[in-house]
Amino acid sequence: MTEPLKPVYLEDKLKQVRGDGHLRYRSRSLPTWCPGCGYFSVAEGVTVALNRLQVPLKDAVVVSGIGCASRFPFFMDTYGLHTLHGRTLPVATGVKVANEALTVIAVGGDGDAFAIGGGHIPHAARRNVDITYMVFDNGVYGLTKGQTSPTSVYGFVTPSTPYESHDQPLNPLMMLLSYGASWVGQAYAGHQHHLSDMIAEAIAHRGFSYLHILSPCVTFDKTEMTYANLDIRVRDLPADHDPSDRLAAMKHAAATGHPALGLYFREERPTLGDGFADVATRAGRKTKTGAARAGGKKKTAKSK
Amino acid sequence: MTEPLKPVYLEDKLKQVRGDGHLRYRSRSLPTWCPGCGYFSVAEGVTVALNRLQVPLKDAVVVSGIGCASRFPFFMDTYGLHTLHGRTLPVATGVKVANEALTVIAVGGDGDAFAIGGGHIPHAARRNVDITYMVFDNGVYGLTKGQTSPTSVYGFVTPSTPYESHDQPLNPLMMLLSYGASWVGQAYAGHQHHLSDMIAEAIAHRGFSYLHILSPCVTFDKTEMTYANLDIRVRDLPADHDPSDRLAAMKHAAATGHPALGLYFREERPTLGDGFADVATRAGRKTKTGAARAGGKKKTAKSK
Amino acid sequence: MVDRNGSTDIQFAIIGSAGDGTIAAGDILKRAMAGLGYKVIAFDIYPAEIRGFGKCISRVRVTTEQAYSLKRHSDVLVSLDDSYAIPHVGEVCDYGAVIYEASPIARLPEGAHITAHIRPTQLPYGLNQREISERATSAARSRNIVILGYLAGLYGIDPQAFRDVIAAKFERKAAIVTTSNTTAFDAAYEVGRTVFKLDQGSLGEPAPAKSGETATMMTGNGAIVRGCIDAGLDTFFGYPITPATTILERLAAELPRHGGRVLQTEDEISAISATIGAGYAGARAATATSGPGLALMAEMLGLGVMGEIPSVVFVSQRGGPSTGMPTKTEQSDLNMAVFGGAGDAQRIVLAPTNVDGCYRTAGKAFEMAEKYQTPVIVLLDLYLSNRYETVVPPAKNPFAPDLNKGLEAWRGDGDYQRYQQTEDHVSPRALPGEDGGMHTVTGLEHSELGKPSDLPENHMAMSAKRHEKLKAALTHPDFTICKRFGDEGPIDVGILGWGSTFGEILEAMFAAQAEGIRCSAMKVVMLSPLPEEQIAAFMDDCDAVLLPELNYEGQLANLISGALGRPLTRLNRATGAPMQVEEILAEVRRLARAKAA
Amino acid sequence: MVDRNGSTDIQFAIIGSAGDGTIAAGDILKRAMAGLGYKVIAFDIYPAEIRGFGKCISRVRVTTEQAYSLKRHSDVLVSLDDSYAIPHVGEVCDYGAVIYEASPIARLPEGAHITAHIRPTQLPYGLNQREISERATSAARSRNIVILGYLAGLYGIDPQAFRDVIAAKFERKAAIVTTSNTTAFDAAYEVGRTVFKLDQGSLGEPAPAKSGETATMMTGNGAIVRGCIDAGLDTFFGYPITPATTILERLAAELPRHGGRVLQTEDEISAISATIGAGYAGARAATATSGPGLALMAEMLGLGVMGEIPSVVFVSQRGGPSTGMPTKTEQSDLNMAVFGGAGDAQRIVLAPTNVDGCYRTAGKAFEMAEKYQTPVIVLLDLYLSNRYETVVPPAKNPFAPDLNKGLEAWRGDGDYQRYQQTEDHVSPRALPGEDGGMHTVTGLEHSELGKPSDLPENHMAMSAKRHEKLKAALTHPDFTICKRFGDEGPIDVGILGWGSTFGEILEAMFAAQAEGIRCSAMKVVMLSPLPEEQIAAFMDDCDAVLLPELNYEGQLANLISGALGRPLTRLNRATGAPMQVEEILAEVRRLARAKAA
Ligand SMILES: Cc1ncc(C[n+]2csc(CCOP(=O)(O)OP(=O)(O)O)c2C)c(N)n1
Ligand SMILES: Cc1ncc(C[n+]2csc(CCOP(=O)(O)OP(=O)(O)O)c2C)c(N)n1
Ligand code: SF4
Ligand code: SF4
Ligand SMILES: [Mg+2]
Ligand SMILES: [Mg+2]
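Since we're looking at a predicted model, the values are computed, not measured.

Asks: Explain the overall build of chain C to me, please; I cannot follow it from the model alone.
Replies: Scanning chain C for helices and strands turns up 18 helices and 21 strands. A compact globule built from 597 residues should have a C-alpha radius of gyration of about 25 Å, and chain C, at 26 Å, falls within 12% of that. The C-alpha extent of chain C, read off along each of the three principal axes, is 85 × 65 × 45 Å. Across the 597 residues in chain C, those meeting the buried criterion constitute 66%. Contacts in chain C between residues at least 24 apart in sequence constitute 75% of all its contacts with a sequence separation of at least 6.

Here's what the structure looks like:
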């Protein structure tokens, strides 16, 4: 892991890289996020990662739910799908099942993921859908102006919990590990280089990759998940951590006081797409008999 | 743990215990389950447990979702609420929040719990709602006639997966442990005495208790989660397992080849009700000023 | 055996308990009759419980020309369990036959036996079901086969047709199963052939098949599956729920052979979400559910409307509200299909009225979803989903393979506009993987470019676009959005109808015409957008308009009255059972009399 | 400053960018005016983005008698940012004032300056906002306070009223904040007081308060919260969503003081599920959401209908479909509120038309839910939820504490029947914890005992029970289900309306009457069951009936036409903005002319 780096904003970036092509993954819509929001680092990270992997713009689809985090697709020059609150993963699954050739990146906030969307995560993970899921965890509901979220600290005071929240926060990394996700990692918006690296790794993984990104909301959380707090608290995963050891990963994930950054777990196993291929074989797939195939579907030729 | 005991059916039971009051928790509706279904053992277990704990009939509420398992409330002589597929836990939470004095038992099948209902479990667990949740896991959709479920084995052939299921099964125990449930245990319908004991313990626990019950579906699964298979595969948790050690519990939960029965984890921490009490104090609770209180609400006097 | 135009029309009802093989007997019967070239319409009723006991009824109507509904009165009742059959003896028509166990094991008190319930005008046939079965197979298990042999003998039906179906049915079992069942069948056939015949007559010849046509028998859900496959369905995401489960199951078995993918999702929200995701990516995508599942899909269907993403949702209705009566039929999800979304969320809603219509509607639904870039809901109901009819599959695949107005239709200057306002209100739709078409689809209101916008004029214009484009579906090629039957010109009583109930409506219309009432019926297949013009024209012709439907308040009646601002007479039933032809007829008579008076 | 019956009627519009304190200025203005005893109606518009820039408008109408809506034309426009204000100069009426920065930092090209847009009939007031602010507080930050001081001086409003509100507003901040802001205010007040007045007049006296009444100012959502508390709300489960979030937030702060419990759930499905669970257990239970959340609640509301469980759902509508326009108003969730469930899932739907109505409807919703054992949906919309009105809270809590027909009403023999058929179709409801009342509630169709049943007669009878019991709500004590305003007897044009739009309808009606058109307006507060009789009687009186609503197709129009089988004229807008009085008036004129012709 590299040294902390201050977040970079698109405006600065624009000046800095005019003409070097780095920004070709970004749309001309400037992010509407608050200045200082951790999400700018994530956007930068995705840009770096896509550049590094040279994913063709036309083949990348960014799928999101609803929230500040989920505004992300608008700021990309790829295909995008800004869905509904919590439905990021099933929609992304549909996209991937329809067209295996696409690089599908699903993003959302902690509320989108673990509150309203929490029921879908185990299934995307166990099916090993070949997509990348990045949760931008700011421990708060940004877009609706600052209510408590499933990852908020115990005792958080917000407009919906004015007498402190009494819910124990969830532990997303332990959850994803228990679901059987085939790639699980954690990064921090304050460590730009490491974040970009992790995003590239997550996208490159064949199967369901889950990247948890700690990302301060500078507007609605001035006391808990701030840069100041996180800068002090985050650690690297120990160098000797074996990412094929799920239980060891669990142990590190349990140590929430000092969130460890890095790759927790990785395994290679058949993806959902592999499953479909196997089903087709077992079923004795014929060439398409439907009119759709007989007539030759333009789009099929193009996109698959 | 006690020796295996063959399941007991209500009809036999009826003859056996006429007049000894044991059956007073059971309604006069005979279960509509198939003869041999593991659920008869669960019903027996709940009856034994309620007898042991002497919960007043009028104060027990059994809440369920939809499925064969969820038919359970109809066979009880307590209050019952047969809700919707997957909504067992939030409805049960509402019941408990409305009236702390009730003993709330939530039940459902593996599909009800981990497919459509999966999004609610983390939140009931982290809030530590003081209810007991029992999932009757038969690894299949019983009521809809035998489709694959989230806990079905890899490769399961069913009407909806005629060319084998390609989804990795979920691990409910690991999931519940990762959610922060304050009591997690496992029992087996084929081991009646142990099952009854575990149910009693689960109900007695103050906080959210999760009991996973392995229970064969004799009609739609003749090959996988059968009595024959499970009788051989199940083990006791090692005697030296420390139920306050969440990571040790995880390790045992991960060993799915030989499901271990017993108490995986237990901790005492404030419940959702405790949280509300704290909020009331912080808010400076007045006596109720609403007309509802001024006028004196009959039902309040009665039920709270 | 009512005679219609001198040809065959006979309805069998086999009644027994869940363990008796009742449904299996009905299945063999209808397949044998269809094999002989008769038209069949058949519907089974079974208990909601998974196992154990409970009443099963298999009703099979056999005709020369395809019938529109089952009849209230059966011509033949076969009892495999008298305790269940006795309450149904009354439904056997005069000169109809009642076949029962001649030597019941338990001796019943006088008057409790089924024979005590048979009217003098009905024809009683005692049959030693158990004895014949035991003699042939040394078990009583084949009683359901025995009654089939007897029926074949009694009515002079070619026994080979039955033997073929029995052989096919037990193909995967040990050979001995087929042999012993055939033995039982043959023994009973002899008994039936030689028994002293009462007055029941024998069957007319089936109509010869038209050249090149081979009739096949399928259920509504089966026809949906065929329609999906012929329309080139790419992906299907579903979650089991009665009575839609068999669509998922049949597709799971068949679609992979045709290059498609089927996934059982974790719930209905996931199913529709994945369907919308796949639709966005260019697949022909569908899901199937019943009322409770459709309720869960309401929010995501709204994204389909707003994002203009094609998708098809098959909804087989059952008794509601809530979990309701999962194994009973009803037509009460129309409100939700048409109105069940946040905001102005218009979509296309179609409801076929028979099995053949299921096939055509399924395929056309994909065409419409793609052409008008919208969710399409196809409303079925349990009675239609599960009933069998003989249908003649089209010689040529009737569905268009690709109606997407694609990126190549984009003609503007500057950036590609996913939501460009065009003449037909449909915009060129680029698919992921296509260069030059990158854009973001959103559930937020958006500009032509697809960027979020909350400008008043934009919202008004986009709302208009989303509504107006659907109107073109009213003239979608080769699709019947509504159709008029019966008398032309001035009409005493017109009957409007939708879904499975239209079969009973047609039968009632024929009966009313036979009584000299000028009667006409119109089926409405496209329920949203509503064919207002055609319905108004029909109503103009009618002195009175009746709308029978299987729900409590009259959901289509509300819809039509709301759109046209005109009253009509409602006939509503919420019983879980199909509407009775007689109920409709009685109401038609009443309206005709009221007019005459 | 339009004169209505010789009393005050002045509307201010303050326009600036998100960082300018525009909304805060409007807030102080309306509180100060309300403190002086004027009636206020106020509505703010702000950008959808969390932060950064974007146009903010705060409109405050101040009157002697409570007004029904904002006016299209403001009497005073204050610009804090000319680039946003310029497009709005046109909305200032003749002889209205435009107040702007006299010494802008950036020198604009001739013609681009705001003064170039002021009509000769408007009164321009240049004010050195920045300079006064900087002189008083050494920062430009207090410009929003400066304009308030200026307004007070200009219109002769008691400055102390402003100083009090400013002090209260900054109470929790450092004392210096209050002091410096007050200094800025006072400085500007002097400037306003002494500036050469053009023709704008000054304010009339507020009407004296009726004895014992203290008016207070609240939003629609604030009034909902008060109604909930006064009705004895026990539990509230909610999930944040604009524009309903503030109900959750306010209740979270206030309900615990009154012994109630508030929980932010993981989603809307959980919120309604817990609400239904709590309702089953005997609590007064509610949740609040907007269209997308209501869509998710559709299935569980069905359980409430089938299980006859009381619950209250507040739905504040926003622009749809789908995520739509979260910060814009619309009336397009009516379809879903009334029809958005599987099966025949009738429930009670209420829609208040103003802030005072929000309070009464909220409380009565709990009474009705309990009395008729049913879900009750209260439809609000963003415009109503967020707008401020002065209201006079009732002296005595107007809501009944317990209307549950409890176990003690059970009179039958044998086992307690939860769903006993009774005269009023409402059955005695035992609550968990009560001995002798044990039963299981289910979403399956059930017998009177509550056991699952799919018998046809039972389903018909239970469907009838669930529908018929709701009719009693039409005569629920002390609740206005609909109400007629304006002329009696034969009417040229009648206007039907619902929700927030009814304010504009009333203003249009007054204007039409002033023009000599015989005009009457009826607000429909209970939308399900529909007050058919009263609406029909109203329509009988009218030569033409107009129904203006903020959606694309006319959702209430469909409902009324569907129920009554009668046509009416629709006026639909889907712009995200409140309807304009002038649009309604134009349509009324057109209909009146058509009649005359
Ligand atoms: C069905 C539904 N419920 C609620 C909302 C309102 N809503 C929008 S964003 C959001 C939460 C955002 O929090 P998070 O997912 O953590 O994202 P962030 O804004 O913090 O990036 C909510 C509740 C919605 N749009 N849809
Ligand atoms: C919303 C909804 N979707 C689907 C169904 C159909 N359904 C009923 S039970 C069931 C699954 C039952 O499986 P499980 O929860 O494992 O319970 P089991 O029958 O095995 O005890 C399904 C899918 C339903 N009733 N409601
Ligand atoms: S509100 Fe918070 S999460 Fe949203 S853009 Fe602003 S800083 Fe980022
Ligand atoms: S189908 Fe299976 S789970 Fe259902 S009652 Fe029968 S044996 Fe039990
Ligand atoms: Mg967040
Ligand atoms: Mg199961």
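Asks: Would you take a moment to explain the pairing of strand S2 (residues 79-82) of chain B for this structure?
Replies: For a regular strand, the rule is simple: side chains alternate between the two faces of the sheet. Alternating positions in S2 of chain B separate into two faces, Tyr79 and Leu81 of chain B on one and Gly80 and His82 of chain B on the other, with burial throughout. Note: strand S1 (residues 60-64) of chain B against S2 of chain B, four bridges, orientation parallel. In the strand pairing of S2 of chain B, valine 61 of chain B is matched with tyrosine 79 of chain B. Two strands pair when backbone bridges link them, and S2 of chain B and strand S15 (residues 440-442) of chain D are joined in this way by three bridges, in the parallel orientation. By the bridge assignment, histidine 82 of chain B is partnered in S15 of chain D with threonine 442 of chain D.

Asks: I keep staring at the coordination of the magnesium ion (ligand 5) and nothing clicks. Help me out?
Replies: The expected angle between donors at a tetrahedral four-coordinate metal is 109.5 degrees. At an octahedral six-coordinate metal it is 90 or 180 degrees. Residue and element names in this part refer to chain A. Coordination sphere of the magnesium ion (ligand 5), protein contribution only: Asp110 (OD), Asn138 (OD1) and Val140 (O), at 2.1 to 2.2 Å. All donors to the magnesium ion (ligand 5) come from one chain, and their sequence spacing reads D-x27-N-x1-V. Just as asparagine 138 is buried, valine 140 falls in that class too.

Asks: Looking at this structure, how should I read the pattern of salt bridges?
Replies: Think of it this way: side chains of opposite charge can pair up when their charged atoms draw near. Tallied over the full model, the rule gives 89 salt bridges over all chains. A salt bridge links glutamate 267 of chain B to arginine 246 of chain B; its shortest N-O distance comes to 3.5 Å. A residue pair is termed long-range when its members are at least 10 positions apart, and glutamate 267 of chain B in the loop between strand S8 (260-266) and helix H10 (272-283) and arginine 246 of chain B in helix H9 (residues 246-254) qualify at 21 residues. Between glutamate 583 of chain C and arginine 573 of chain C there is a salt bridge, with the nearest N and O atoms lying 2.4 Å from each other. On the criterion of sequence distance, the pair formed by glutamate 583 of chain C in helix H18 (residues 581-596) and arginine 573 of chain C in the loop between strand S21 (569-572) and H18 is long-range, its members being ten residues apart. Residue arginine 573 of chain C is classed as partly exposed on the basis of its relative accessible area of 24%.

Asks: It is not clear to me how the relation of the copies chain D and chain C should be interpreted in this structure. Could you clarify?
Replies: Mapping one chain copy onto the other needs a rotation about an axis and a shift along that axis. Relative to chain C, chain D is turned by 180° and slid 0.0 Å along the rotation axis, the superposed coordinates differing by an RMSD of 0.1 Å. The superposition of one copy onto the other is thereby described by a two-fold rotation axis. Taking C-alpha positions as the reference, the residue of chain D nearest the rotation axis is glycine 562 of chain D, at 1.7 Å.

Asks: Help me out: how do you make sense of the interface of chain B and chain C in this one?
Replies: Note on interface size: it is often stated as the accessible area lost on association of the parts. Across the boundary between the two partners, chain B contributes 27 residues, which contact 19 residues of chain C. Here chain B and chain C share an interface that buries about 1900 Å² over both sides, 56% of which is from carbon and sulfur atoms. When the buried surface of chain B facing chain C is broken down by residue, Ile116, Ser160 and Tyr163 of chain B rank first, second and third, together holding 23% of it. The interface formed by chain B and chain C holds zero salt bridges in total. The interface formed by chain B and chain C holds eight residue pairs in polar contact (both at pLDDT 80 or more) in total. Class assignment for the residues of the side of chain B that touches chain C results in 13 nonpolar, ten polar and four charged.

Asks: Looking at this model, I keep getting lost on the interface of chain D and chain C. Mind explaining?
Replies: On the side of chain C, 62 residues touch chain D, which itself brings 63 residues to the contact. Counting each side, the surface lost to burial between chain D and chain C is near 4900 Å², with a carbon and sulfur contribution of 61%. The largest share of the area that chain D buries against chain C comes from Pro321, Phe339 and Tyr552 of chain D, three residues that together contribute 15% of it. Between chain D and chain C we count zero salt bridges in total. There are 24 residue pairs in polar contact (both at pLDDT 80 or more) connecting chain D and chain C. Among the secondary structure elements, those contributing two or more residues to the side of chain D that touches chain C are helix H10 (291-307), helix H11 (334-339), helix H14 (456-471), helix H17 (555-564) and strand S21 (569-572) of chain D. The element best represented in the side of chain D that touches chain C is H10 of chain D, accounting for ten residues.

Asks: In this structure, what is going on with the site of ligand 2? I would like to understand it.
Replies: In the vicinity of ligand 2, 23 residues are found, and the nearest of them are Tyr39, Cys68, Ala69 and Asp112 of chain B together with Glu268 of chain C. In this structure, ligand 2 is bordered by residues of chains B, C and D. Within the backbone of alanine 69 of chain B, one N or O atom sits 2.9 Å away from an oxygen atom of ligand 2. Contact distances for ligand 2 include 3.0 Å between an oxygen atom and a backbone N or O atom of valine 140 of chain B. In the complex, the protein chains occlude 98% of the 590 Å² of accessible area that ligand 2 would expose alone. By residue number, the principal contributor to the shell around ligand 2 is helix H4 (residues 110-116) of chain B, which donates four residues. For the shell around ligand 2, the residue count by class is twelve nonpolar, seven polar and four charged.

Asks: Whenever I open this one, the sheet that holds S8 of chain B confuses me. Can you help?
Replies: Hydrogen bonds between backbone groups are what pair the strands of a sheet, and the pairing can be parallel or antiparallel. What the nine strands build is an open sheet, ordered S7(B)-S8(B)-S5(B)-S6(B)-S4(B)-S3(B)-S1(B)-S2(B)-S15(D); its pairing is mixed. Single-partner strands in this sheet number two, and they are strand S7 (235-236) of chain B together with S15 of chain D. The strands touched by helix H3 (residues 88-98) of chain B are S1, S2, strand S3 (103-109) and strand S4 (132-137) of chain B; relative to S3 of chain B, the strand with the most contacts, the crossing angle is about 175°. With respect to the sheet, helix H7 (residues 192-204) of chain B is in contact with S3, S4, strand S5 (183-188), strand S6 (209-214) and S8 of chain B, its orientation differing from that of S5 of chain B by roughly 160°.

Asks: Got a minute to help me understand the domain arrangement of chain A in this structure?
Replies: Residue and element names in this part refer to chain A. Segmentation of chain A into domains returns domain 1 (19-269) and domain 2 (270-304). The centre of domain 1, based on its C-alpha atoms, is set 32 Å off from the matching centre of domain 2. With 13 residues of domain 1 at the contact, the number on the domain 2 side is eight residues. By the criterion of area lost to domain 2, the three top residues of domain 1 are Asn99, Arg206 and Arg269, representing 42% of everything that side buries. For the pair domain 1 and domain 2, the interface holds one salt bridge. Residue arginine 206 pairs with aspartate 274 through a salt bridge whose shortest N-O separation is 2.8 Å. For the pair domain 1 and domain 2, the interface holds five residue pairs in polar contact (both at pLDDT 80 or more).

Asks: Explanation requested: the coordination of the magnesium ion (ligand 6) in the structure shown.
Replies: Residues and elements named next belong to chain B. Surrounding the magnesium ion (ligand 6) are the protein donor atoms Asp110 (OD), Asn138 (OD1) and Val140 (O), which sit 2.1 to 2.2 Å from the metal. Summarised as a motif, the one-chain spacing of the donors to the magnesium ion (ligand 6) is D-x27-N-x1-V. One end of the pair, aspartate 110, is in helix H4; the other, asparagine 138, is in the loop between S4 and helix H6 (172-179), with 28 residues separating them in the sequence. No difference in accessibility class separates aspartate 110 from asparagine 138, as the two residues are buried.

Asks: Could you clarify how one ought to interpret the site of ligand 3 in this entry?
Replies: Around ligand 3 sit eleven residues, and of these Cys34, Cys37, Cys68, Asn138 and Cys217 of chain A come closest. Around ligand 3, the nearby residues trace back to chains A and D. Partitioned by chemical class, the residues of the shell around ligand 3 number nine nonpolar, two polar and no charged.

Asks: Would you mind showing me how to read unusual backbone geometry here?
Replies: Most of the time, phi is negative for any residue but glycine, and the peptide bond is trans. Looking along the chain, the bond that leaves threonine 242 of chain D and enters proline 243 of chain D is cis, with omega of 0°. Of note, proline 243 of chain D is situated in the loop between strand S8 (235-238) and helix H8 (245-254). Residues glycine 320 of chain D and proline 321 of chain D are joined by a peptide bond in cis, for which omega reads 0°. Tracing the backbone shows proline 321 of chain D in the loop between strand S11 (311-317) and H11. If you check the backbone angles, glutamate 164 of chain B has positive phi at about 75° while not being a glycine. With respect to the secondary-structure elements, glutamate 164 of chain B resides in the loop between S4 and H6. Accessibility expressed as a relative area gives 26% for glutamate 164 of chain B, which makes it partly exposed. Despite not being glycine, serine 322 of chain D shows a phi value in the positive range, around 55°. Turning to its location among the elements, serine 322 of chain D is positioned in the loop between S11 and H11. The class for serine 322 of chain D is buried, based on a relative accessible area of 7%.

What counts and how
Residues numbered from 1 in each chain as written. Chains lettered and ligands numbered in written order. Predicted model: local features only at pLDDT ≥ 70, side-chain atom pairs only at ≥ 80, totals over all residues. Heavy atoms only, no water. Helix = DSSP H or I, 4+ residues; strand = E, 2+ residues; numbered from the N terminus. Rg over C-alpha atoms; globule rule 2.2 N^0.38 Å. Buried < 20%, exposed > 50% of the residue type's maximum accessible area, 1.4 Å probe, protein only. Contact = heavy atoms within 4.5 Å. Pairing = 2+ DSSP bridges. Donors = N, O, S within 2.8 Å, 3.2 Å for Na, K, Ca; no water. Salt bridge = Lys/Arg side-chain N within 4 Å of Asp/Glu carboxyl O. Least-squares fit on C-alpha atoms with pLDDT ≥ 70 in both. Buried area = accessible area lost by both parts, 1.4 Å probe. Polar contact = N/O pair within 3.5 Å; in protein donor to acceptor, adjacent residues only side chain to side chain. Nonpolar A, V, L, I, M, F, W, Y, C, P; charged D, E, K, R; others polar. Near = heavy atom within 4 Å. Areas by Shrake-Rupley, 256 points an atom, 1.4 Å probe, with all protein chains shown as cover. Axes fitted to C-alpha atoms, helices over the stretch in contact; angles between N-to-C directions. Domains from an automatic or database assignment.

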